[in-house]
Structure formats: structure tokens, C-alpha cells
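Structural characterization, general
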Amino acid sequence: MSDTPKINLLGLTRPEMESWFVNLGAKAFHGRNVLKWIHKHGVFDFDAMTDVPQRLRDLLRDKARVAPPRVVLTQPASDGTTKWVLELEDGQHIETVYIPEESRSTICVSSQVGCALDCSFCSTAQQGFNRNLTAAEIVGQVWLASRLLGHPPSNVVMMGMGEPLANFDNVVPAMELMQEDLAYMISKTRVTISTSGIVPALRRLREVSDVSLAVSLHAPDNALRDQLVPINRKYPLEELIPACKEFVQHDRRRKITWEYVMLDGVNDSIAHAKALIRLLQGVPSKVNLIPFNPFPGTDYQTSPADRVEAFRQRLKRAGIIATTRKTRGDDIDAACGQLVGKVHDRSRRRLQRIPVVQESYQ
Ligand code: SAH
């Protein structure tokens, strides 16, 4: 046994895997084969990798491991949505949500333990920030989902706990692995990064990745957005909007999805809709209205359905594609902004009412 900690191969992209194998004195193609075993076949035991020579397998056992997060709790909601609570190697908990639909299966992936951004209407914010996830922990959520579902998801949204662009160096390789032919083969249009708008990171992302972009807008002017999404004080709308526009400008078919949580009496009037129309003029846009998902301790309330619909119609009349997000999994706190990443008292109480499947991987 060597003294250096074993590397978790789960988080290595194809080029990283190839050079790691070459450094080990093996051939790059062995790295590609191992990548395929891990992600396509879900194998984490080197001895089961039958096309890897025995001597190399022995070396791998000594130097490396494949360690996905562990499912500690499976909570199915009444609408088919499932929340998995995952335990990481240091005992932290995160949440991953599976959202089945007729024509697709979407996994909502976390990028951090907690979140530092403090959006006033998000329950993850109340938990505070603990740490970034590693690339292995991020792609590990897709690894696990693929095993549990029996197939890779058709879509991944980076909309779980955390701000993905605040964890750029781990999120980018993880998203590469999601798209990798030897791994999950999810097309770039079906991998979506959702950000509250960290402008310099968005510019950097444009240089290295071409995934779909969703932006948490939530307000049509700086004064209101400063309150709802405090990162706006650092990167206000006059910086955010052009950076988003640049992100999609290489492809005329691309649009930015603007997420807009509908908060009763706060941002949901026709005047707000008009201001939003003005703001998005000339920007290739889709607006996704999200009914606010309440959580204990919040003062916000969900806008009435007819007000959401009036807002949507106003945008539509101005030629903006606007949809209302169906709330999924809210009976198990798996909806947007309800992920808190620990098995807290409240979910323990809920366990008595919801059928629970205990699962353990590894
Ligand atoms: N940090 C990323 C991912 C967050 S979650 C981001 O800000 O985009 C995905 C979406 O859910 C975001 O648009 C977020 O603002 C929204 N959201 C957060 N809390 C919510 C709540 N309680 N109800 C509805 N949507 C919420």
C-alpha cells in the first residue's frame, strides 16, 4: 500500500484519465476503458474490469478508488419525483432530485454543500455554506442516478443546492463527463447550468463550455433584485444581461432561460411584467415562471395562479416565450429552493408518513 491518498477516479475527465494512466506507466486507452467501466457500466471494483490487465488492476487497487456518494435516504413524492439524500465521505449531506416526465428524465444536481449567496426566498441559503463539491461528488450524483434508474438521465440541471459558478473548477469537468461519449452522452443542450449571475465566471464558462444557460433573474430592476438576489449588488443587471447575451450569441437557435420566482405582491404585477419585457428587449429569451415554494420561517407567499397566468400572458403578447414551471416534489421538500441537504428534524418527522427506502451503494 502506498501512503498517498488514493485518487477517486470518478471525477476525472477523459483527458485527465488518459494522462493519469500514462503517468502510471500504462497506456492512454486503458484509461479510456476504465472510464467506460465506471460511468457506462457502473463498475467500481477494478477486478470486474475484465479488459484491464491483471497487473494494472493490482496497481489501480493500490493507487486509486471509485467512490460515489452513498444514498442514505430515498424519498418518493406523490408525483413520481424522488429525492435522494446523499452522504459524502466527510459525513456532509446533499440532495439530488429525480424528476420523471413523459418524454424525459431529469436529474437536478447539487454543486455545493449549502450556498453562500443568501437569496432571500431560498431555503438552501438559510443553511449557510459549508464547502464546494468535488467533480467526483458532482458527477457521482449522475453516476448514482444512472444506477438507480437503470439508464442515464436524458437531462441534467445544475439547479440543486449551491451556486455552480462559485464552484467553477469542479463543475466544468463534471459537466464535461455528463456529455462525454464514453460516459453519459448527454447532449450539451440537455445539460443546463443555473446561475444567480456571477458575471466573470459566466464569461470564463463561455470560453470552455457550451451547455444551456438558465439565469435566476427574479426581478426586472436593480433595486428589487438587490433585495432578492444580493449578488446583484456586485454584478448588476447592466453587467449581467450583456454577459448572458454574449453566452448565446454564437448560435442563433440558443436562448437564455430566465428563472423568475413569483412572489405574491413583490415582483408579480403587470408593471413588473412590462419592465421585464423592456429589460429583455433584443435578448434571445425564454422566461420560466416558478411558483414560489414556501418553507418554514419565510415571509414570502406564492402568487395566486391567476396572477402568474396574467404575467405569463403579458410576456407572451410581447413575443417572449414564457412557461410556468410545474411544481414537482413539494410534498417531500424537493422543489426549487427547498433543498437543505441534511436529515434535519423536519424530514425525520416526515419519514413517518412517507414510505422510505434505505439504500446503500458501495
Ligand atoms: N444557485 C443557482 C441554482 C439554484 S436553484 C441559481 O441561483 O440559479 C434553481 C432555481 O430555484 C433558482 O432560480 C432559484 O432562484 C429558484 N428558487 C430558489 N428558492 C426557491 C423557492 N423557494 N421557490 C421557488 N424557486 C426557488
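Here, every reference points to the structure presented above.
A short tour of the structure in this document, coming up. The structure presented is a predicted model; accordingly, all values stated were derived computationally and were not measured. Residue numbering note: each chain is counted from 1, following its sequence as written. Reporting of local features is limited, given that this is a predicted model, to residues whose pLDDT is at least 70; pairs of side-chain atoms are given and counted only at 80 or more, and all residues count toward the totals for whole chains, interfaces and linings. Derived side-chain values reflect all non-hydrogen atoms in the structure, with water molecules and hydrogen atoms excluded from consideration.

**Description of the pattern of salt bridges**
A carboxyl oxygen of Asp or Glu within 4 Å of a side-chain nitrogen of Lys or Arg is what we treat as a salt bridge. Counted according to the given criterion, the structure contains 21 salt bridges. Between R206 and E246 there is a salt bridge; the shortest N-O distance is 3.5 Å. Separated by 40 residues along the polypeptide, R206 in helix α7 (residues 199-208) and E246 in helix α9 (residues 237-248) bring together distant segments of the chain. What makes R206 partly exposed here is its relative accessible area of 34%. Here's how the labels work: a residue is buried when its accessible area is under 20% of the maximum for its type, exposed when over 50%, partly exposed in between, all with a 1.4 Å probe on protein chains only. A relative accessible area of 24% means that E246 is categorised as partly exposed. Two residues, R254 and D210, come together in a salt bridge whose shortest N-O distance is 3.6 Å. Highlighted residues: R254 in the loop between α9 and β12 (256-262) and D210 in the loop between α7 and β11 (212-216), separated in sequence by 44 residues. Among the charged side chains, a network of salt bridges with common partners joins D47, R57, D58 and R61. Only DSSP runs of H or I covering at least 4 residues are called helices, and only runs of E covering at least 2 are called strands; the numbering of each starts at the N terminus.

**A look at the site of the ligand**
Whether a residue is near a molecule or strand depends on its heavy atoms: it is near if one of them lies within 4 Å of it. Taken together, 20 residues sit near the ligand, with F121, S194, S216, H218 and N293 positioned nearest. Under the rule applied, a polar contact is a pair of N or O atoms within 3.5 Å (in protein, one hydrogen donor and one hydrogen acceptor; residues adjacent in sequence only if both atoms are side-chain atoms). Backbone polar atom of T195 to an oxygen atom of the ligand: 3.3 Å apart, as the coordinates give it. The contact in question runs from an oxygen atom of the ligand to an N or O atom on the side chain of S216, over 2.6 Å. Protein chains shield 96% of the accessible area of the ligand, which is 530 Å² for the free molecule. Broken down by secondary-structure element, the contributors of at least two residues to the shell around the ligand are β10 (191-195), β12 and β13 (285-291). Residues are grouped as follows: Ala, Val, Leu, Ile, Met, Phe, Trp, Tyr, Cys and Pro are nonpolar; Asp, Glu, Lys and Arg are charged; all remaining types, including Gly, are polar. A breakdown of the residues in the shell around the ligand according to their chemical character gives 10 nonpolar, 8 polar and 2 charged. All accessible-area figures derive from a Shrake-Rupley calculation using a 1.4 Å probe, and residue coverage is judged against the displayed protein chains alone.

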